[in-house]
Amino acid sequence: MPRTVLEPRFQVEYLSILDSDGNLDTALEPKLSDDELRALYRAMVLGRRLDERMVRLQRQGRIGTFAPIKGQEASQLGSVFTLRPTDWMVPSFRETAAMIRRGWPIEKLLLFFAGYLEGGQPAPDQHDLPVTIPVATQLPHAVGLAYAVQYRGDDAVVMVYFGDGATSEGDFHEALNFAGVWQVPVVFVCQNNQWAISVPLKKQTHSKTIAQKALAYGVPGLQVDGNDVLAVHAAAREAVDRARAGDGPTLIECVTYRLGVHTTADDPTKYRSEEEVRAWERKDPLTRFRAYLEKKTLLEDGLEQRVDADIAAAVARFEAMGPPDPLTLFDHLYAELPPHLAEQRAELERRLRAGAAPAAPAPETPPSATPMRGQRLTRR
Amino acid sequence: MPRTVLEPRFQVEYLSILDSDGNLDTALEPKLSDDELRALYRAMVLGRRLDERMVRLQRQGRIGTFAPIKGQEASQLGSVFTLRPTDWMVPSFRETAAMIRRGWPIEKLLLFFAGYLEGGQPAPDQHDLPVTIPVATQLPHAVGLAYAVQYRGDDAVVMVYFGDGATSEGDFHEALNFAGVWQVPVVFVCQNNQWAISVPLKKQTHSKTIAQKALAYGVPGLQVDGNDVLAVHAAAREAVDRARAGDGPTLIECVTYRLGVHTTADDPTKYRSEEEVRAWERKDPLTRFRAYLEKKTLLEDGLEQRVDADIAAAVARFEAMGPPDPLTLFDHLYAELPPHLAEQRAELERRLRAGAAPAAPAPETPPSATPMRGQRLTRR
Amino acid sequence: MARLNMVKALNLALAQEMERDRDVLILGEDVGVDGGVFRVTDDLQRTFGSQRVIDSPLAEAAIIGTAVGMALYGLKPVCEIQFSGFAFQCFHQVENHAARYRLRTQGRFHCQMVIRMPYGGGVRALEHHTESEEQFYAHIPGLKMVIPSGPRNARALLASAIRDPDPVVFFEAKALYHAAKEEVPDEPETFPIGKARVVSEGRDLTLVAYGAMARVALEAAEQVRAEDGAEAEVIDLLTISPLDRETIVRSVAKTGRAVVVHEAARSFGPGAEIAASIMEGAFLSLEAPVRRVTANDVAFVGFAREKAHVPDAARVVAAVRETLAF
Amino acid sequence: MARLNMVKALNLALAQEMERDRDVLILGEDVGVDGGVFRVTDDLQRTFGSQRVIDSPLAEAAIIGTAVGMALYGLKPVCEIQFSGFAFQCFHQVENHAARYRLRTQGRFHCQMVIRMPYGGGVRALEHHTESEEQFYAHIPGLKMVIPSGPRNARALLASAIRDPDPVVFFEAKALYHAAKEEVPDEPETFPIGKARVVSEGRDLTLVAYGAMARVALEAAEQVRAEDGAEAEVIDLLTISPLDRETIVRSVAKTGRAVVVHEAARSFGPGAEIAASIMEGAFLSLEAPVRRVTANDVAFVGFAREKAHVPDAARVVAAVRETLAF
Ligand SMILES: Cc1ncc(C[n+]2csc(CCOP(=O)(O)OP(=O)(O)O)c2C)c(N)n1
Ligand SMILES: Cc1ncc(C[n+]2csc(CCOP(=O)(O)OP(=O)(O)O)c2C)c(N)n1
Ligand SMILES: [Mg+2]
Ligand SMILES: [Mg+2]
């Protein structure tokens, strides 16, 4: 009985379909219709343009801090496109493009980032959780949803998003372990964008990949080129199908890059080099997919303009919304207002009547508040 | 760029040296002197006999609930024997035998389990943390100690113990991840005794081994026959040497079995079969090591009697200790007593003087208190 | 009608609520095969199956975190945390999520869930097994916090908690699990969350307590009635948060004096809110400062010293006498 | 002597304490290269190296848990939790271990460590970035809880906290980080933990506040002085726990009236302890109930509504007037 190697040995696969020039591994090409391909590209363009618009809105003080997605369009859209409306989508805080695809109106998201809770209310028919800010805490929620799906005998799949940094949190571990034990229909999508604010992946974990972390839970793990929307789609499709078939969870690591700031309160020049950013810009998921579509002659004329017009219309709707009544702040803490809150509400009402607090706080002028971090206006 | 398998592939090894009859894989036999082998066996016998004695003390109400070690002697002693006094030992709550090896007087441990904080005080020269009860929370402490060792340029290694159940906690994950990133001298010893109270390993995690969880952190993981004291010693020696050489942490999974109750408040007949227990009794670590020593003619005559006498003497010392002054309960919360505690202390003093609370609470008669669980007196 | 101890009474509430509503399920460490370390969930897995009574892996944050997910889907999980001392591991899931989901989604989702845990002393157990942590939950907006004081109200309050659309943290005094039996009606019974109960009327002083201390307060009230001829009105809070200030203030407006009893540490503890609320609501009636009889501000003392630490009737009597003599 | 804002003042304290004692090190998310999201640790990694200013992985429990281990070895870690809203993840390590190790080992080991975190509103940020959670720490025996109110006392208190042999939770009001500059002496300065400061004397009423609310209280005091001719004595607590009851009670014994101001939720909040302590210590001097001006008992409101939620001078003035008129 010597020293033996336990079977099975473990391995982690890497999937990539489209290279930086839009060339293809045809054997792996996902079966997407022309309409689907166009919709996918449109969503990516919308994600990119809205991102840029939101940065400007933030600089003007019309919304608060938010986390841009630039560079991660393929990771989040390739994956979310595999979901049905009856499936569940559980975002972290950097899935704006995926959330829009899931039906969140742009103006609602803007309202959310402008500091109004109303913006966080999913529509009655939407199977989506709202933005979760504490890193990794949404992962167990996704597992619980998936348990409930299974318990009720429903046909849905749950897809949950998080970053590379999130994998260090205890909640990541506990959620994956529960999912493994319970074998519930959940797909864990890690957008490994190489950075958790200023902390690079190699200071985040000593493991070579995020995908291999799945081995700890006896769960399949797959690494995918996260800037290759077809590869992400194929990987997600496989995981979603597996989950729907009752074969349990999957961890997908999308290797991608955050091309912009961590949030609008961040200054990445403090912690990473221009060269690194430029190298990743050459792998831009939009460029690559555009080249592919061009070869297929699927590019639409005037797409950017139409997208911009849609965004402008949404921004206009956002700005037309009157600020909600401050008194509603008590409305949804409990199902029924308990006496002490009724009293506090009455007190606020008296104050508002006396004009002590603005009944309808006007959108603030550019941040008089403490900036987080340098908040120098950097190029990106 | 198709679907590729990432290199390196992963594997987990299994180590076993001594079979159930005491037969040996000589190539792997650790280089231990006769004295060391005798000391190891003596510690195992002491662990076993003290355990039995403590169960009786608990049934008599002379100490409170505790967690017996029966069956896990090889796992904890094989590993702890590789430490120097200047190394650090971080126990969970089931390492009585290992703690004694590290210098804890038996009477102090009894005092601890009798509900006196004084029993938890390590000696000034002891590099040991006390019992930690919240599962897995001691793991980050061990990593922090190891960081401090490295920071100060000291030569010590930190060894930390925990169970199979502990691997499900977020703290396990975060501690291993920090240790991997920091590459600090810490050895993680998991006593996989197959059960976390009533929960068997297969409901605890979907992974086949605990050892493979190391892969998630880019840390070496090794599975070892935890009822084979020589194998445990060899595995721990390798890990300790690696840590001391500056080559970072190791996770060792000792595959063993809890032959007794989870704690003295547990009734294992509720959740596991007699046959399972009997099968593991045939792999008893003491029997196996005894057979090995017998072949080497290293068994000492009258060992059991001498061990029992030592235990009896320690129990007598424990019982001779007067109950400590209740007023000392305020002594060690802060370095200096703040005013509000001085007031509360003065109040207690007045009450004690007035005879309202017993100045010297006599050891309680058998538990009048709420039993935890059935507390039927089972065979084990 | 059967005479049940608190363990059996809680078990009855769980069984009946599960019978009543298929969305109710149980989740926790050792709750299934073992029936929970205190046997509160005994036999439920046998009756309702392992999909509804789930032996979870050992991870409190995931117990609460997955229960939040289940609740968002419409299930009504009842989680057991083995001891309240191990609930700090899931405190972020409770504070960040269970308590906030209704607010965050402006009513679109909410967490109808119960988080049960044993708390308090009286079991000769080690550190983290005897503490009294209700204050931490009472301060969290969006939660409700309930602590029953005996078999019958435990059963009724647990049923109410399970039916309550908001997340309820439900503390069970270990010292009461087997302390006494009470007649418990066979038919499901509920008790409104948010209401305190006057368990003994009196006009000289108000004693406010809950959980295991309700009994201690009653004992003290009897003693001062017998020995001093003074009448203490005893209020058993039952719900800690939202606090039933109305009942407390009404009583103190009548008696003019109050003593609060709890097992939690004193400073920044629940007694402070009760005292402050009394001052705010009944200032002009107050004849003496509200006194607090509590555990010391020490994290834990070891069970051998518990008697010098946790309030008993003698300490309450002393405080009552001082307050009456003020 | 230099005019510094609170960020720079805290940075100075850290730099000088690290200079003074090689055992002091810094641990947290983004504290190194980035200098912390609020730049409090700016440039320290450059000066002291990455072994002493550690960019940790993203895991709060391990930040505190490993810091506990470091402290047990004799180091003096200063941990940064990025926002107080993310400290519940490490609450078990704080409560179970940092606060208890001295007691548990009866003095053999202890945790000399500081846990810094920004708290409170004023940064137009999302959920979990604007809450005020001091109550949770104030109730934990074995911890000290400090909240400075300006650059100079922030610097002095942080130096004291780092030198304090007990674990200190150190809250920094985000609203104050850049709010004002003060002259801060070049030479290291400390301020005793556990002592409140009377920042403005008065005989009509006592205003108790801390952190960002100290300024609000002062503003209100000036307004009532100007408009009502009433003199409010303003106490800036600086240390929340152990609470300096002596200073508070002495003041109220003189003024007979008190108003407490904080950003935390009201129910079971820090104001309750302050009010209860005033009642216990100065009952016979009290002419009116102690009033609490606090945030509402709502978990969060969105920054657009913050003004309707967090106390401002107008609300404090109103409470002062009501209390004076009582
Ligand atoms: C529990 C918790 N800790 C800290 C933070 C502050 N924070 C927000 S985002 C972030 C980095 C997240 O990194 P990653 O998971 O890689 O996601 P990314 O931002 O790159 O999308 C941190 C530390 C938080 N939101 N929650
Ligand atoms: C955080 C926490 N949760 C729950 C418990 C209660 N508890 C004590 S031991 C135990 C099981 C531990 O199992 P394992 O890690 O396998 O160690 P073993 O008891 O088998 O040695 C549990 C659930 C605890 N002590 N701490
Ligand atoms: Mg990232
Ligand atoms: Mg075990």
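Notes on the structure in this doc start here. Bear in mind the structure is a predicted one, so any value in this text is a computation, not a measurement. (Residues numbered from 1 in each chain as written. Chains lettered and ligands numbered in written order. Predicted model: local features only at pLDDT ≥ 70, side-chain atom pairs only at ≥ 80, totals over all residues. Heavy atoms only, no water.)

## What to know about the overall build of chain A
On a plain count of helices and strands, chain A comes out with 12 helices and nine strands. Taking 2.2 N^0.38 as the reference for a compact globule, 380 residues should give roughly 21 Å; the C-alpha atoms of chain A span a radius of gyration of 22 Å, in line with that estimate. Oriented by its inertia axes, the alpha-carbon framework of chain A measures out at about 80 × 50 × 40 Å. The proportion of buried residues among the 380 residues of chain A is 62%. Residue pairs in contact within chain A that sit at least 24 positions apart in sequence constitute 76% of those at least 6 positions apart. (Helix = DSSP H or I, 4+ residues; strand = E, 2+ residues; numbered from the N terminus. Rg over C-alpha atoms; globule rule 2.2 N^0.38 Å. Buried < 20%, exposed > 50% of the residue type's maximum accessible area, 1.4 Å probe, protein only. Contact = heavy atoms within 4.5 Å.)

## Points about the site of ligand 2
Ligand 2 sits among 21 residues. The nearest are B:Arg94, B:Asp164, B:Gly165, B:Asn193 and C:Glu60. Site remark: ligand 2 is flanked by residues from chains B and C. Contact distances for ligand 2 include 3.3 Å between an oxygen atom and a side-chain N or O atom of B:His262. For ligand 2, whose unbound accessible area comes to 570 Å², protein coverage reaches 96%. (Near = heavy atom within 4 Å. Polar contact = N/O pair within 3.5 Å; in protein donor to acceptor, adjacent residues only side chain to side chain. Areas by Shrake-Rupley, 256 points an atom, 1.4 Å probe, with all protein chains shown as cover.)

## As for the pairing of strand S8 (residues 221–225) of chain A
Residues and elements named next belong to chain A. Within S8, five of the five residues are buried, which leaves it mostly tucked inside the rest of the structure. The side-chain alternation of S8 yields two buried faces, one formed by Gly 221, Gln 223 and Asp 225 and the other by Leu 222 and Val 224. Where S8 meets strand S9 (residues 250–255), five bridges bridge the pair, whose relative direction is parallel. In the sheet register, Leu 222 faces S9, and the bridge partner there is Ile 252. (Pairing = 2+ DSSP bridges.)

## Brief notes about the relation of the copies chain A and chain B
Relative to chain B, chain A is turned by 180 degrees and slid 0.0 Å along the rotation axis, the superposed coordinates differing by an RMSD of 0.0 Å. What the rotation and shift describe, once combined, is the action of a two-fold rotation axis. For chain A, the minimum C-alpha distance to the rotation axis belongs to A:Gly170 and amounts to 1.8 Å. (Least-squares fit on C-alpha atoms with pLDDT ≥ 70 in both.)

## Points about the interface of chain C and chain D
Residue-level contacts link 50 residues of chain C with 50 residues of chain D. Taken over both partners, the interface formed by chain C and chain D buries close to 4,500 Å², and the fraction arising from carbon and sulfur atoms is 65%. For the interface between chain C and chain D, the tally reads 10 salt bridges. Of the charged contacts in the structure, one is a salt bridge between D:Glu131 and C:Arg100, with a shortest N-O distance of 2.8 Å. Here chain C is connected to chain D by 20 residue pairs in polar contact (both at pLDDT 80 or more). Partitioning the side of chain C that touches chain D into residue classes produces 27 nonpolar, 11 polar and 12 charged. (Buried area = accessible area lost by both parts, 1.4 Å probe. Salt bridge = Lys/Arg side-chain N within 4 Å of Asp/Glu carboxyl O. Nonpolar A, V, L, I, M, F, W, Y, C, P; charged D, E, K, R; others polar.)

## Describing the packing of helix H6 (residues 170–182) of chain B against helix H3 (residues 60–73) of chain D
Relative orientation of the contacting elements H6(B) and H3(D) amounts to 70 degrees, with a least axis distance of 9 Å. Judged by the inter-axis angle, H6(B) sits roughly perpendicular to H3(D). Seen along the crossing, H6(B) lies across H3(D) with a hand that is right-handed. Residues B:Asp171, B:Glu174, B:Phe178 and B:Trp182 of H6(B) form the contact with H3(D), whose participating residues are D:Glu60, D:Ala61, D:Ala62, D:Ile63, D:Thr66 and D:Met70. Considered class by class, the residues forming the contact of H6(B) with H3(D) number six nonpolar, one polar and three charged. (Axes fitted to C-alpha atoms, helices over the stretch in contact; angles between N-to-C directions. Parallel < 35°, antiparallel > 145°, perpendicular 65-115°, else oblique. Left-handed = near helix turned anticlockwise from the far one by under 90°.)

## Section: the side chain of B:Thr209
Within the secondary structure layout, B:Thr209 lies in the loop between helix H7 (201–204) and strand S8 (221–225). B:Thr209 sits in the buried class, given a relative accessible area of 6%. Among the polar contacts made by the side chain of B:Thr209, one reaches the side chain of B:Gln212 at a distance of 2.9 Å. Not counting the four nearest positions on each side in its chain, B:Thr209 is found in contact with A:Leu6, B:Gln223 and B:Glu253.

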